[in-house]
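Observations on the three-dimensional arrangement
Letter by letter, the chains look like this.
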Amino acid sequence: QVQLVESGGGLVQAGGSLRLSCAASGSFLRIGNMGWYRQAPGKQRELVAMITSGGSTNYADSVKGRFTISRDNAKNTVYLQMNSLKPEDTAVYYCTADINYTSYTSTRYWGQGTQVTVSS
């Protein structure tokens, strides 16, 4: 069984920064894509950023130029550096990891979520 453990959320003023981390543990062949989603109250969960095992990235338009996703494959960890935070970034942030137990199929796992609150 794979576990994703997130850390780094909290309360910050608008314009500030936070760095989220998510470490995967367990027994598996490899990790494919890793990413971050968020869900604000009353809204649908949305993709924030995704990174492939090779380091290619994509971002939601709303965070481009402010957020940076990265990963350390040796540590099975994905990071989200969030700068110039805005009140509308307030949400629960969830990390994801596409876990391969075999070469042919993968299963997406989700972290427990970490609250990010940006005050105006």
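Placed above this text is the structure.
Read on for a plain summary of the structure. Just so we're clear, the structure is a prediction, and the values are computed from it rather than from any experiment.

Some thoughts on the packing of aromatic side chains
- Applying the stated rule across the entire model yields three aromatic pairs.
- A centroid spacing of 4.9 Å and a plane angle of 50 degrees characterise the contact between Tyr 37 and Trp 110, whose relative ring orientation is tilted. Of this pair, Tyr 37 sits in strand 4 (residues 30-39) while Trp 110 is found in strand 10 (residues 106-110), placing the two residues 73 residues apart along the sequence.
- A relative accessible area of 35% places Trp 110 in the partly exposed class.
- A ring pair is formed by Tyr 101 and Tyr 109, whose centres lie 6.5 Å apart and whose planes are at 75 degrees; its orientation type is edge-to-face.
- A residue is classified by how much of its surface remains accessible, and Tyr 109, at 15% relative accessible area, is buried.
- The structure contains a cluster of three or more aromatic residues connected by ring pairs, namely Tyr 37, Tyr 94 and Trp 110.
- Across the ring face of Trp 110, the terminal group of Arg 45 is positioned such that the distance to the ring centre comes to 4.8 Å.

Rules used throughout
Residues numbered from 1 in each chain as written. Predicted model: local features only at pLDDT ≥ 70, side-chain atom pairs only at ≥ 80, totals over all residues. Heavy atoms only, no water. Phe/Tyr/Trp six-rings, centres within 6.5 Å; stacked < 30°, edge-to-face > 60°. Helix = DSSP H or I, 4+ residues; strand = E, 2+ residues; numbered from the N terminus. Buried < 20%, exposed > 50% of the residue type's maximum accessible area, 1.4 Å probe, protein only. Lys NZ or Arg CZ within 6 Å of the ring centre and 35° of its normal.

Shape is all these values report; function is a separate question.
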